[in-house]
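Listed below are the residues making up each chain.
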Amino acid sequence: MRFRHPDGSTVHLAYCTNVHPAETLDGVLAQLRDHCEPVRRRLGRDRLGIGLWLARDAAHALVTDPSALRGLRTELEHRGLEVVTLNGFPYEGFGAEEVKYRVYQPDWADPERLAHTTDLARVLAQLLPDDVTEGSISTLPLAWRTAYDQERATAAHTALTTLAERLDALHELTGRSLRIGLEPEPGCTVETTRDALAPLTAIGHDRIGICVDTCHLATSFEDPHTALDALAQARVPIVKSQLSAALHAEHPHLPEVRAALAAFDEPRFLHQTRTLTAAGLRGTDDLGEALAGDALPDASPWRAHFHVPLHAAPAAPLTSTLPVLRAALTRLVGGPHPLTHHLEVETYTWQALPPELRPRARAQLADGIAAELTLARELLTDLGLKELP
């Protein structure tokens, strides 16, 4: 979906296909048929943007077989879909029964991460619509914090510098300008937007910037305006923003609130949980850990890294951080010029919701994704953007 900003530039809105995990190219093609095109039809649009997730095997198949890449592009056009952004954070296995810490491997100190992201860039350069010259790829924020020392930090920075050089060369070869955004996430080396300033300033290349995920922003209790102003002041490019909402518990000390939170403690994904105390931010790596005893202070609200559907906040006594998303979006695209032109709805946790909230059929999932995009569309038009055909 495309929108015209009052300054005349185009803002792209997509939804991320990591909600339909597939490891192979055949699986990706099935996603387009079974999920993406039905969502487009529900929205009544001739064109729908998707933020494509390509696992290692799918990306490798595309980059080594030009005919397969042409076939994917043809399939996208046939189904009324377009791609200007990729989600390069998960490497493989995102559809496994247990993902948890595995999603952070390989990290940017591992040569496999550079090789995979280079493949993604080469694929995206060929998938961009004919009238689009700029693409974006989100990626993990360097590494998970526990296995990251100075030697690995140096290796990661070197890899990102090499990637920037490759993107420069790709631009000269194809005319397509691609940028990579580190996506701050709780528990990682780069947990907050503030944490991103030093490494991105040190790399100092405008092809390496940040992806602002509004669920992660909220989970870490960052103020959107303060965070985005700091990025602008440091001249860190906001490559893309993922529109998502975290789980919010206002009174985590109450038994009924803890019971409601426990329903979201599931075995597949990591749900980092945070609270803001007088002494600063406190947290646990997972929601179950926070609920066990006194691992996390409960005098102040808790927020958990659980991407809840944008249009459907959890039932009381819980809610979502949709107000943080609204505030961030206002700053991102509500000013005289957009701070980013790529927006991506990223609710990948539909099947991790409490059983009574999960879609029971493919059609229900398509309905839910369409409802999220409808909400995002309304937020954008309320900010003065005009939807394009």
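Coordinates for the structure precede this section.
None of the values given here were measured: they were computed from a predicted structure. All chains use their own residue numbering, which begins from 1 and follows the written sequence. Per-residue local features of the predicted model are confined to residues with pLDDT of at least 70, and side-chain atom pairs are confined, for both listing and counting, to 80 or more; whole-chain, interface and lining totals are unaffected and use all residues. Side-chain metrics in this entry use all non-hydrogen atoms of the structure; hydrogen atoms and water are not considered.

### Points about the overall build of the protein
Moving on, step 1. Put simply, DSSP H or I for four residues or longer makes a helix, DSSP E for two residues or longer makes a strand, and each gets a number counted from the N terminus. Looking only at helices and strands, the protein features 12 helices and 15 strands.
Moving on, step 2. For the protein, whose C-alpha radius of gyration is 20 Å, the value lies close to the compact-globule estimate of 21 Å for 389 residues.
Moving on, step 3. Seen along its three principal axes, the alpha-carbon backbone of the protein occupies a region of about 60 × 50 × 45 Å.
Moving on, step 4. Here the protein holds 389 residues, and 59% of them are scored as buried.
Moving on, step 5. Whether two residues are in contact is decided by their heavy atoms, any of which lying within 4.5 Å being enough. Restricting to contacts in the protein with at least 6 residues of sequence separation, those with at least 24 account for 79%.
Moving on, step 6. Per-residue and other accessible areas follow the Shrake-Rupley method at a 1.4 Å probe size, with only the shown protein chains counted as cover for residues. For the protein, the accessible surface area stands at approximately 15200 Å², while carbon and sulfur atoms represent 51% of it.
Moving on, step 7. Positive charge is attributed to Lys and Arg, negative charge to Asp and Glu, and no charge count is given to His or to the chain ends. Charge coordinates come from a single atom per side chain, which is NZ of Lys, CZ of Arg, CG of Asp or CD of Glu. Averaging the locations of the 37 positively and 52 negatively charged side chains of the protein gives two centres separated by 5 Å. Radius of gyration: C-alpha atoms only; globule rule: 2.2 Å multiplied by the number of residues to the exponent 0.38. With a 1.4 Å probe rolled over the protein chains alone, any residue whose accessible area is under 20% of its type maximum counts as buried; one over 50% counts as exposed, and the rest are partly exposed.

### Looking at the pairing of strand β11 (residues 280-284)
Note on strand geometry: in a regular strand, side chains alternate between the two faces of the sheet.
Moving on, step 1. As paired elements, strand β10 (residues 273-277) and β11 share 5 bridges and run antiparallel to each other. Residue pairing across strands places R274 opposite G283, the latter belonging to β11.
Moving on, step 2. Hairpin remark: β10 followed by β11, antiparallel, with 2 residues in the connecting loop. If DSSP finds at least two bridges between two strands, the strands pair.

### Some thoughts on the nonpolar core
A general trend in soluble globular proteins is that nonpolar side chains are found buried together.
Moving on, step 1. The definition of a nonpolar core used throughout is a set of buried Ala, Val, Leu, Ile, Met, Phe, Trp, Tyr and Cys residues joined through side-chain atoms within 4.5 Å. In this structure, L13, Y15, I50 and L373 are the most contacted members of the largest nonpolar core, which totals 114 residues.
Moving on, step 2. Here the element with the most residues in this core is helix α12 (residues 362-382); it accounts for 9 residues.
Moving on, step 3. Residues within four places of I50 in sequence aside, it is in contact with A14, Y15, T17, L32, C36, L76, L81, E82, V83 and T85.

### Describing the sheet that holds strand β9 (residues 245-249)
Moving on, step 1. The strand order β11-β10-β12-β9-β13 describes an open sheet built from 5 strands, whose pairing is antiparallel. Looking at strand neighbours, the two that pair on one side only are β11 and β13 (318-320), the edges of this open sheet. Averaged over all pairs of adjacent strands, the angle between their axes in this sheet comes to 30°, without regard to strand direction. Structural elements are reduced to axes, namely lines fitted to C-alpha atoms, with helices fitted over the stretch in contact, and the angle between N-to-C directions of any two is expressed from 0 to 180 degrees.

### Details of the packing of aromatic side chains
Moving on, step 1. Centres within 6.5 Å are what make two rings of Phe, Tyr or Trp a pair, Trp counting through its six-membered ring; a difference in plane orientation under 30 degrees is then read as stacked, over 60 as edge-to-face, and the rest as tilted. Per the counting criterion, the structure on display carries 8 aromatic pairs.
Moving on, step 2. The rings of W53, F94, F269 and Y348 are connected pair by pair, giving a single aromatic cluster.
Moving on, step 3. Our definition puts a charge over a ring when NZ of Lys or CZ of Arg is within 6 Å of the ring centre and also within 35 degrees of the ring normal. We note R303 situated over the ring of F221; from NZ or CZ to the ring centre the distance is 4.4 Å.

### Quick look at the pattern of salt bridges
Moving on, step 1. Counted as salt bridges are all cases of a side-chain nitrogen of Lys or Arg within 4 Å of a carboxyl oxygen of Asp or Glu. Under the defined criterion, the tally for this structure stands at 24 salt bridges.
Moving on, step 2. A salt bridge links R2 to D131, with the nearest nitrogen and oxygen atoms 2.8 Å apart. Of the two residues, R2 sits in strand β1 (residues 2-4) while D131 sits in the loop between α4 (111-127) and β5 (134-139), which places them 129 residues apart along the sequence.
Moving on, step 3. Assessed through its relative accessible area of 8%, R2 is described here as buried.

### Comments concerning the packing of helix α3 (residues 66-78) against α4
Moving on, step 1. α4 packs onto α3 with a crossing angle of 50° between their chain directions and a minimal axis gap of 10 Å. Put simply, α3 runs oblique to α4. α3 and α4 meet at a crossing whose hand is right-handed. Side by side, α3 and α4 meet where L69, L72, R73 and L76 of the first sit next to V123, Q126 and L127 of the second.
Moving on, step 2. Basically, the charged four are Asp, Glu, Lys and Arg, the nonpolar ten are Ala, Val, Leu, Ile, Met, Phe, Trp, Tyr, Cys and Pro, and anything else, Gly included, counts as polar. A breakdown of the residues in the contact of α3 with α4 according to their chemical character gives 5 nonpolar, 1 polar and 1 charged. With respect to orientation, any angle under 35 degrees is reported as roughly parallel, any angle over 145 as roughly antiparallel, any angle of 65 to 115 as roughly perpendicular, and every other angle as oblique. Here is the rule for handedness: rotate from the far helix to the near one, and if that takes an anticlockwise turn smaller than a right angle the crossing is left-handed, while a clockwise turn gives right-handed.

### Quick notes on the environment of E346
Moving on, step 1. Looking at the element boundaries, E346 is found in the loop between β14 (342-345) and α12.
Moving on, step 2. The sequence separation of E346 and S244 amounts to 102 residues, and the corresponding C-alpha distance is 5.8 Å.
Moving on, step 3. The contact partners of E346, leaving out residues within four places of it in the chain, are C16, N18, N87, E183, D213, Q242, L243, S244 and H307.
Moving on, step 4. A distance of 3.0 Å separates the side chain of E346 from the side chain of N18, its partner in a polar contact. Counting of polar contacts relies on pairs of N or O atoms within 3.5 Å, with two restrictions inside protein: one atom must be capable of donating a hydrogen and the other of accepting it, and residues adjacent in sequence are counted only when both atoms are side-chain atoms.

### With respect to the side chain of R45
Moving on, step 1. Counting through the fold element by element, R45 comes out in the loop between α1 (25-43) and β3 (48-53).
Moving on, step 2. With relative accessibility at 19%, the residue R45 sits in the buried group.
Moving on, step 3. Side chain to side chain, R45 and E387 meet in a polar contact 3.0 Å long.
Moving on, step 4. With near-sequence residues (within four places) excluded, R45 lies in contact with R40, R377, E387, L388 and P389.

### Some points on helix α6 (residues 193-203)
Moving on, step 1. Restricting attention to buried positions, one finds in α6 the residues T193, A196, P199, L200 and I203. Within α6, the buried residues cover an arc of 120° as seen down the axis, which keeps them to one side. Of the exposed residues in α6, those oriented more than 90 degrees away from the buried face are R194, A198 and A202.
Moving on, step 2. Where α6 is buried, its residues touch α5 (150-174), β6 (177-182), β7 (208-213), α7 (214-219) and α8 (224-233).
Moving on, step 3. One or two positions beyond α6, positive phi appears at G204, with a value near 60°. Here the arc refers to the set of directions running from the helix axis out to each C-beta atom.

### Some thoughts on unusual backbone geometry
Moving on, step 1. Backbone torsion omega between Q105 and P106 reads -10°, so that peptide bond is classified as cis.
Moving on, step 2. Mapping P106 onto the fold places it in the loop between β4 (81-87) and α4.
Moving on, step 3. The linkage connecting A316 with the following residue, P317, adopts the cis geometry, with an omega of 15°.
Moving on, step 4. You can see P317 is positioned in the loop between β12 (302-308) and β13.
Moving on, step 5. One non-glycine residue, K100, lies in positive phi territory at about 45°.
Moving on, step 6. Tracing the backbone through its elements, the reader meets K100 in the loop between β4 and α4.
Moving on, step 7. Look at K100 and you get buried, because its relative accessible area is 13%.
Moving on, step 8. Of note, L142 is a non-glycine position whose phi angle comes to about 75°, a positive value.
Moving on, step 9. Mapped onto the fold, L142 is located in the loop between β5 and α5.

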